[in-house]
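Breakdown of the fold
Listed here are the chains, written in short residue letters.
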Amino acid sequence: MATMLSRPASMRMRMTMRSIGTHSRRLLGVQDGGGGRSLLPSRWKSSQPQLDPVDRSDEEGGGDIDWDNLGFGLTPTDYMYVMRCTQEEGGFSRGELARYGNIELSPSSGVLNYGQGLFEGLKAYRRADGPGYTLFRPEENARRMQHGAGRMCMPSPSVEQFVHAVKQTVLANKRWVPPQGKGALYLRPLLIGSGAILGLAPAPEYTFMIYAAPVGTYFKEGMAAINLLVEEEIHRAMPGGTGGVKTISNYAPVLKAQMDARSKGFADVLYLDSVHKRYVEEASSCNLFVVKGGAVATPATAGTILPGVTRRSIIELARDSGYQVDRSLHSTPPLLSITQLCR
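Analysis parameters
Residues numbered from 1 in each chain as written. Predicted model: local features only at pLDDT ≥ 70, side-chain atom pairs only at ≥ 80, totals over all residues. Heavy atoms only, no water. UniProt positions renumbered as here; feature names shortened; annotations may be inferred. Helix = DSSP H or I, 4+ residues; strand = E, 2+ residues; numbered from the N terminus. Buried < 20%, exposed > 50% of the residue type's maximum accessible area, 1.4 Å probe, protein only. Contact = heavy atoms within 4.5 Å. Areas by Shrake-Rupley, 256 points an atom, 1.4 Å probe, with all protein chains shown as cover. pLDDT = per-residue confidence, 0-100. Expected span 1.5 Å × (residues − 1). Salt bridge = Lys/Arg side-chain N within 4 Å of Asp/Glu carboxyl O. Phe/Tyr/Trp six-rings, centres within 6.5 Å; stacked < 30°, edge-to-face > 60°. Core = buried A, V, L, I, M, F, W, Y, C linked by side-chain atoms within 4.5 Å. Axes fitted to C-alpha atoms, helices over the stretch in contact; angles between N-to-C directions. Parallel < 35°, antiparallel > 145°, perpendicular 65-115°, else oblique. Left-handed = near helix turned anticlockwise from the far one by under 90°. Nonpolar A, V, L, I, M, F, W, Y, C, P; charged D, E, K, R; others polar.

- The name recorded for the protein in an unreviewed UniProt entry is Branched-chain-amino-acid aminotransferase, from Aegilops tauschii subsp. strangulata.
- Its UniProt record gives the protein a comment under Cofactor (unreviewed entry), which states: "pyridoxal 5'-phosphate".
- Looking at the protein in UniProt, the text filed under Sequence similarities (unreviewed entry) is "Belongs to the class-IV pyridoxal-phosphate-dependent aminotransferase family."

Following this line, the structure appears as structure tokens:
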């Protein structure tokens, strides 16, 4: 049972994976390899495309990696996927794989001068029931990028182009996918205004790319509970801003709050709404759920909170499992028991 608290100036929040978190991890990973009926509802089956296990990398093995102690950091892999378009073209054409490496940008590119850029994050896993890899709902990341591109005045790849690029990136970097149960291959799709522009206006050219890195858990605590510091002065987003899209310009402003929290021994920051400075919204890299008895509550995504792909999936799973889901947490001050979920 969560307890209502009066909020002190520096409040310690304990995040715990409650029953819904455990149940969701069990269901999301189910694949029936024995010929029986899958436990997943039909809508989940179409959201987990199976990748052909063809190896397109030139090397064997995953390099000198300690898979048992894999953290969340950048390990350069072999290939990245690149696709470009101009304003005149109006849409992206066929992309290609390229060796992982630096890219060249004009000093007056739209992304460097005006922050015209978006990114996504998703993972590929080795299948437990045979060769091949599993992606989790990549089409949802594609649609979220399309939504963000509209807000940032950018063209965007189609859902089909996005998913195809993700698959090609996984297959080209097959040797970097951690062994089953040891982690995942993290994929970072980027959409940036790469064309040169001086006046404040949309860039004339855009680049979509995906690079990859093998990763373990995001927090060093793994799946154990972590401590959050409630931030009262710095806000991640405000009404009418870009808090509801995954634009690169949302993240650098929270670095100060995050570094201050870590210097005090906290793992991350829990941000409050910028109007009342009272209601929980989300952490720097996570959506939040409050679990209380048979009910699950999460803040509504009303423009200031990123609509997480995992967030949506947990809501669907919770309802399928008989939980009452409330998406109007804006009437509740910070609670003691918080469930942390990735985006």
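Looking at the overall build of the protein
- Each helix and strand counted, the protein has seven helices and 16 strands in total.
- The proportion of buried residues among the 343 residues of the protein is 50%.
- Counting contacts in the protein only where the partners sit at least 6 residues apart, residues at least 24 apart contribute 73% of the total.
- Summed over all atoms, the accessible surface of the protein reaches about 16000 Å², with 52% contributed by carbon and sulfur.

Some thoughts on the confidence of the model for the protein
- Looking at the protein, pLDDT values average 80 and 75% of them are 70 or higher.
- Note on residues 1-49: pLDDT under 50 across the span, and 118 contacts to partners over four residues away in sequence or across chains.
- Counting interchain partners and residues more than four positions distant, the pLDDT-below-50 stretch residues 331-342 has 54 contacts.

Some thoughts on helix H4 (residues 138-151)
- Helix length check: H4 (14 residues) gives 20 Å between terminal C-alpha atoms against 20 Å at 1.5 Å per residue, within 8%.
- Directly after H4, the chain includes Cys153, whose backbone phi takes a positive value near 60 degrees.

Describing the pattern of salt bridges
- Tallied over the entire structure, the rule returns nine salt bridges.
- Note that Glu316 and Arg137 form a salt bridge whose closest N and O atoms lie 3.2 Å from each other. Pair noted here: Glu316 is in helix H7 (residues 309-320) and Arg137 is in the loop between strand S7 (133-135) and H4, with a separation of 179 residues, a long-range link.
- By relative accessible area, which is 16% here, Glu316 ends up buried.
- Arg137 sits in the buried class, given a relative accessible area of 3%.
- The salt bridge partner of Glu282 is Arg236, with a shortest N-O separation of 2.5 Å. Note that Glu282 is positioned in strand S12 (residues 280-283) and Arg236 in the loop between strand S10 (226-231) and helix H6 (255-263), a separation of 46 residues in sequence.
- Given the relative accessible area of 1%, Glu282 is considered buried.

Structural notes on the packing of aromatic side chains
- Scanning the model with the defined rule gives five aromatic pairs in all.
- Taking the centre distance of 5.3 Å and the plane angle of 70 degrees together, the rings of Phe72 and Tyr186 count as edge-to-face. Of this pair, Phe72 sits in the loop between strand S2 (50-51) and strand S3 (79-86) while Tyr186 sits in strand S8 (residues 184-193), and the two are 114 residues apart along the sequence.
- Ring geometry for Phe162 versus Phe208: centroids 5.8 Å apart, planes at 45 degrees, classification tilted. Of this pair, Phe162 sits in helix H5 (residues 159-172) while Phe208 sits in strand S9 (residues 205-215); the two residues are 46 residues apart in sequence, bridging distant segments of the chain.

Some points on the nonpolar core
- If you look at the biggest cluster of nonpolar residues, it comprises 34 residues, and the most contacted ones within it are Leu185, Leu187, Leu191 and Phe208.
- Broken down by secondary-structure element, the contributors of at least two residues to this core are S3, strand S6 (122-126), S7, H4, H5, S8 and S9.
- Top element by residues in this core is H5. It accounts for seven residues.
- Look past the residues within four positions of Leu185 in its chain and what remains in contact with it is Thr77, Leu122, Lys123, Ala124, Val170, Asn173, Trp176, Val177, Pro178, Ala212, Ala213 and Pro214.
- Listed in part, the nine residues of the second largest apolar core include Met80, Val111, Tyr251 and Leu306.

Here we look at the packing of H4 against H5
- Relative to each other, H4 and H5 sit at 125 degrees, their axes nearing to 9 Å. One way to sum up the angle between H4 and H5 is to call them oblique. The two elements H4 and H5 meet at a crossing, and its hand is right-handed. The residues of H5 that touch H4, namely those facing Pro138, Glu139, Asn141, Ala142, Arg143, Met145 and Gln146, are Val159, Phe162 and Val163.
- When the residues that make up the contact of H4 with H5 are grouped by side-chain class, the tally is six nonpolar, two polar and two charged.

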